Amino acid sequence: MKLGNTLEAKLTRTFDTIYIEKEAQDYELTKKIISQFTKSQLISINSYQEIFNRNRQDFRQQKLSPKLILGIKKDSYLYAGSSFTPSFNQPYFFYNAMALNCLYDCSYCYLQGMFNSANLVIFVNEQDFYQATLDKLAELGSLYLSISYDTDLLAIEHLTGFCAKWIELCQQNPNLLVESRTKSVNFNSIKELEPTDNFILSWTLSPKTVSEKIEVNTPSLISKIKAIKNAQARGWKVRICFDPLLVQKNWMNEYQDLIAKIKVELDVDLIRDFSIGSFRMNDSFYKKIKKSRPNDALFAYPYEKINGIISYSAEQDKKLKNTVCQLLIDNGVPSTKIYL
Amino acid sequence: MIIIHTAIHPEAKQLISLLKLKRDLEFPVFELYRNDEFTLIISGIGKVNTAIALATTIQYLKGLGYLISTSTLVNFGLAGGTEELEIGELYYIQKITDHATDSNYYPDLIYINDLTPAVLTTFDRPVLRAKHPELTNTLVDMEASAFFQTANKFLAIHQIHVIKILIDHLTPQDFKLELLTELIEQKIDLLKTFLNSLPKAPILKELSPNELAEEQSIEKVVFDLQLSKSQAQQLYDLIAQYHTMTNLLFTDFIRTYHYKLSEHKSVNANSFEKLKAKLSIEIGKHLGS
């Protein structure tokens, strides 16, 4: 018998299987999510870790057809902010993880080094996250929270409604500052909501080539800019992140083009600030990803390792950041609006 | 290589014929049939037999030079099941529960197949409906949990599959061999289609002529300079950067670059360092732009 060619094998649909923790079954959010996947197989599990932390999973293969896991997070509704992420001078910086993993497949993403599984986990006990945040806010008086940290929350907003809830909480709590960082164009799912200055809609933008070749499955640069334009038109002051900056052929020209496009297409006054960071990653994540992406040029670069962190040399890092920073300044962005 | 495991010969008979497998008499203890693409092992009933037979088969095939890391493992066999499930149906198992330990195993379904999804419970002894009124909507067998657990020691989850044909509604006392043969016969085309749907190796994109030429050029340098595995990786990394930064082909670069060939390791090492330095200079020319 002749075997089928690998290239002929057809992938199953994204989320064709949904694993549901027994404890999560009765949550309203679980019902809402599964009602959107009527053709999917529902499989009952004891704990999300039974699927997510299995031995010998193949992240790259799973990315071809990711499954959805609905679980309950039992603790750790807030984590202290990581040194990998800028705190924007906020004294009390935290992040949370209402979902693990992301719909996109960016080559540089640290999640593929951090997790064994490419499947998406959504924690349906959302109230626990809100309550823990409000408790901490009451204790500290102010709080800066990144809600889209190990995931892209806006990209799954139509499933969860998490961003909408955070916006509501921000409206009620002026001392709570929340950032939701995204590469999605899913602004429509929250467009009817009243903008509030303490909920930061933040988009990561990369030059066209990076967006097309490296940020796999993400919407096009044009679509992202259009989504930001819509957000601005609704009165949102957005954040733009150039992070990670990557050394690619003609990177300087590419950023020049990107910034020029932003200047033409967007209202720069309605950009709250710009955040700039170059590629950096925990060494153990880096090693794991390099092994799973053996022919990926991004993981072939002669980076430096300092204190367990893989990054460009200090000189290269400075050149990348300063160049992009200067390009912004040259295009009329005040330096006070730029965070390095 | 696709490695198929069955517990008893009647489960294997039609597959042996369909796949034109030959008995390998060198293999000890268990019945093993194979050709270049498929191996079929018959373990005997139960978890212990399954684990021993599968582990032994994998080691044996490794010894014959087969690449196990890109193989696929399939457990195929009869199963009982509760009344909601249909006798004669071919099921793809998405969840396996070991009744004795309460452990669960979940295969990863990455590629589409036409089989009906189901869950299964592995017991240590035949299951009579009267003694297990609590069971609902599940198949029942005596091997799958051990098969999965053993297979997962060697392979990634998406390379492991469990396929069952439902033979009765938990009335093993009525089991008839002829019925099994007949039911498999009815589903043999579906089984064949399933085996066809399995990727032979991890997905690799077909190489373009340029990529093929690049691959050959790199391999030639690795061979000429007798590079170690780690040196070869360094070369691959540098060439990946060279591609990204210059949009040029290594094949063109190496055509005009001459390196010294020698039987002496130190001379080759020196040539390799010079080659790396030259490539780095070319890459460096583009770093600032």
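Up top you'll find the structure we're talking about.
(A) Inspection of the overall build of chain A at higher detail. Of regular secondary structure, chain A possesses 12 helices and 18 strands. At 20 Å, chain A has a C-alpha radius of gyration in line with the 20 Å of a compact globule built from 340 residues. Over its C-alpha atoms, taken along the principal directions, chain A stretches across nearly 60 × 55 × 40 Å. When the 340 residues of chain A are sorted by exposure, 57% land in the buried category. The contacts of chain A with a sequence gap of at least 6 include a subset with a gap of at least 24, amounting to 76%. Only carbon and sulfur atoms are counted for the fraction: they give 48% of the accessible area of chain A, which is about 14,400 Å².

(B) Local environment of the overall build of chain B. When helices and strands are tallied, chain B shows 8 helices and 10 strands. Relative to the compact-globule value of 19 Å for 289 residues, chain B shows a C-alpha radius of gyration of 26 Å, a clear excess of over 25%. Within the span of chain B, comprising 289 residues, buried residues form 54% of the whole. Within chain B, residue pairs in contact and separated by at least 24 positions form 69% of the contacts whose partners lie at least 6 positions apart. Counting only carbon and sulfur atoms, one obtains 56% of the accessible surface of chain B, whose full area is about 13,600 Å². Across chain B, the 27 positively charged side chains and the 35 negatively charged ones have centroids separated by 8 Å.

(C) Local environment of the interface of chain A and chain B. In this assembly, 46 residues from chain A lie in contact with 47 residues from chain B. Summed over both sides, the interface of chain A with chain B buries roughly 4,000 Å², with 54% coming from carbon and sulfur. Linking chain A with chain B are 2 salt bridges. Note that A:R54 is salt-bridged to B:D108, the shortest N-O span being 2.9 Å. Run the count over chain A and chain B and you get 14 residue pairs in polar contact (both at pLDDT 80 or more). Secondary-structure elements contributing two or more residues to the side of chain A that touches chain B are strand 1 (17-21), strand 2 (41-45), helix 2 (48-52), helix 3 (59-64), helix 10 (251-265) and helix 12 (314-330) of chain A. Broken down by element, the side of chain A that touches chain B gets its largest block of residues, 4 residues, from strand 2 of chain A. Of the residues contributing to the side of chain A that touches chain B, the split by class is 19 nonpolar, 16 polar and 11 charged.

(D) Summary view of helix 2 (residues 47-63) of chain B. Residues and elements named next belong to chain B. With 17 residues, helix 2 should cover 24 Å at 1.5 Å per step; its first-to-last C-alpha distance of 24 Å lies within 8% of that length. Those residues of helix 2 not exposed but buried are K47, T50, A53, L54, T57, I58, Y60 and L61. Once helix 2 ends, the next one or two residues include G65, with phi positive near 95 degrees.

(E) Representation of the sheet that holds strand 15 (residues 280-282) of chain A within the structure. All names here are of chain A. A sheet is described by the order of its strands in space; here 3 strands give the open sequence 15-17-16, paired in antiparallel fashion. The open sheet terminates on both sides in strands that have one partner only, identified here as strand 15 and strand 16 (304-306). On average, each strand axis in the sheet is inclined to that of its neighbour by 30 degrees, with strand direction left out of account.

(F) Summary view of the pattern of salt bridges. For the structure shown, the criterion picks out 33 salt bridges over all chains. A salt bridge links B:R34 to B:D24; its shortest N-O distance comes to 2.9 Å. Within this pair, whereas B:R34 is found in strand 3 (residues 31-34), its partner B:D24 is found in the loop between strand 2 (22-23) and strand 3, the two being separated by 10 residues in sequence. Assessed through its relative accessible area of 8%, B:D24 is described here as buried. Between B:E89 and B:K187 there is a salt bridge; the shortest N-O distance is 3.9 Å. Highlighted residues: B:E89 in the loop between strand 5 (72-81) and strand 6 (90-98) and B:K187 in helix 4 (residues 177-197), separated in sequence by 98 residues. Overall, the relative accessible area of 16% leaves B:E89 in the buried class. Residues participating in the shared-partner salt-bridge network are A:E179, A:R181, A:R239, A:D243, A:R272, A:D273 and A:R280.

(G) Region of interest: the packing of aromatic side chains. Residue and element names in this part refer to chain A. On inspection of all chains with the given rule, the structure shows 27 aromatic pairs over all chains. Aromatic pair F279 and Y303: ring centres 5.1 Å apart, planes at 40 degrees, arrangement tilted. Taken as a pair, F279 in the loop between strand 14 (271-278) and strand 15 and Y303 in the loop between helix 11 (283-292) and strand 16 lie far apart in primary sequence, 24 residues in all. Residue class for Y303 comes out buried when judged on its relative accessible area of 13%.

(H) View of unusual backbone geometry. All names here are of chain A. Each neighbour pair has its own omega, and for D243 with P244 the value is 10 degrees, a cis peptide bond. One can find P244 in strand 13 (residues 238-245). The residue S76 is not glycine, and still its phi comes out positive at about 55 degrees. Structurally, S76 is set in the loop between strand 3 (68-71) and strand 4 (79-80). Residue class for S76 comes out partly exposed when judged on its relative accessible area of 32%.

(I) Representation of the nonpolar core within the structure. A:I122, A:W166, A:F199, A:L201, A:I240 and A:F242 are the most contacted members of the largest nonpolar core, which has 122 residues in total. The element that contributes the greatest number of residues to this core is helix 7 (residues 162-172) of chain A, accounting for 6 residues. Those residues in contact with A:F199 that lie beyond four places of it in its chain are A:I147, A:C163, A:W166, A:I167, A:C170, A:V178, A:S180 and A:W236. One finds B:L15, B:Y33, B:L115 and B:I188 within the second-largest nonpolar core, a separate group that totals 29 residues.

(J) Inspection of the pairing of strand 2 of chain A at higher detail. All names here are of chain A. The pairing of strand 1 with strand 2 spans 5 bridges and is classified as parallel. Bridging across to strand 2, Y19 finds its partner in I43. Considered for its hand, the β-α-β crossover made up of strand 1, helix 1 (residues 28-34) and strand 2 is right-handed.

(K) Representation of the packing of helix 10 of chain A against helix 12 of chain A within the structure. Residue and element names in this part refer to chain A. Here helix 10 crosses helix 12 at 30 degrees, and the two axes come no closer than 10 Å. Taken together, helix 10 and helix 12 sit at an angle that is classed as roughly parallel. Here the hand of the crossing between helix 10 and helix 12 comes out right-handed. Where helix 10 approaches helix 12, its residues W251, M252, Y255, Q256 and I259 are matched on the opposing element by Q316, K319, L320, T323, V324, L327 and L328. Its residues assigned to classes, the contact of helix 10 with helix 12 comprises 8 nonpolar, 3 polar and 1 charged.

(L) Seen up close, helix 5 (residues 209-224) of chain B. Residues and elements named next belong to chain B. End to end, helix 5 covers 22 Å across 16 residues, agreeing with the expected 22 Å (1.5 Å per residue, within 8%). Within helix 5, the full set of buried residues consists of E214, S217, I218, V221 and D224. Taken end-on, helix 5 shows its buried residues confined to a sector of 130 degrees, consistent with a single buried face. Opposite its buried face, helix 5 presents the exposed residues P209, Q216, K220 and F223, each directed more than 90 degrees away. Immediately downstream of helix 5, the backbone of Q226 shows phi near 50 degrees, a positive value.

What counts, and at which threshold
- Residues numbered from 1 in each chain as written.
- Chains lettered and ligands numbered in written order.
- Predicted model: local features only at pLDDT ≥ 70, side-chain atom pairs only at ≥ 80, totals over all residues.
- Heavy atoms only, no water.
- Helix = DSSP H or I, 4+ residues; strand = E, 2+ residues; numbered from the N terminus.
- Rg over C-alpha atoms; globule rule 2.2 N^0.38 Å.
- Buried < 20%, exposed > 50% of the residue type's maximum accessible area, 1.4 Å probe, protein only.
- Contact = heavy atoms within 4.5 Å.
- Areas by Shrake-Rupley, 256 points an atom, 1.4 Å probe, with all protein chains shown as cover.
- Lys, Arg positive; Asp, Glu negative; His and termini not counted.
- Charge placed at Lys NZ, Arg CZ, Asp CG, Glu CD.
- Buried area = accessible area lost by both parts, 1.4 Å probe.
- Salt bridge = Lys/Arg side-chain N within 4 Å of Asp/Glu carboxyl O.
- Polar contact = N/O pair within 3.5 Å; in protein donor to acceptor, adjacent residues only side chain to side chain.
- Nonpolar A, V, L, I, M, F, W, Y, C, P; charged D, E, K, R; others polar.
- Expected span 1.5 Å × (residues − 1).
- Pairing = 2+ DSSP bridges.
- Axes fitted to C-alpha atoms, helices over the stretch in contact; angles between N-to-C directions.
- Phe/Tyr/Trp six-rings, centres within 6.5 Å; stacked < 30°, edge-to-face > 60°.
- Core = buried A, V, L, I, M, F, W, Y, C linked by side-chain atoms within 4.5 Å.
- Right-handed = clockwise from strand over helix to strand, strands pointing away.
- Parallel < 35°, antiparallel > 145°, perpendicular 65-115°, else oblique.
- Left-handed = near helix turned anticlockwise from the far one by under 90°.
- Arc of directions from axis to C-beta.

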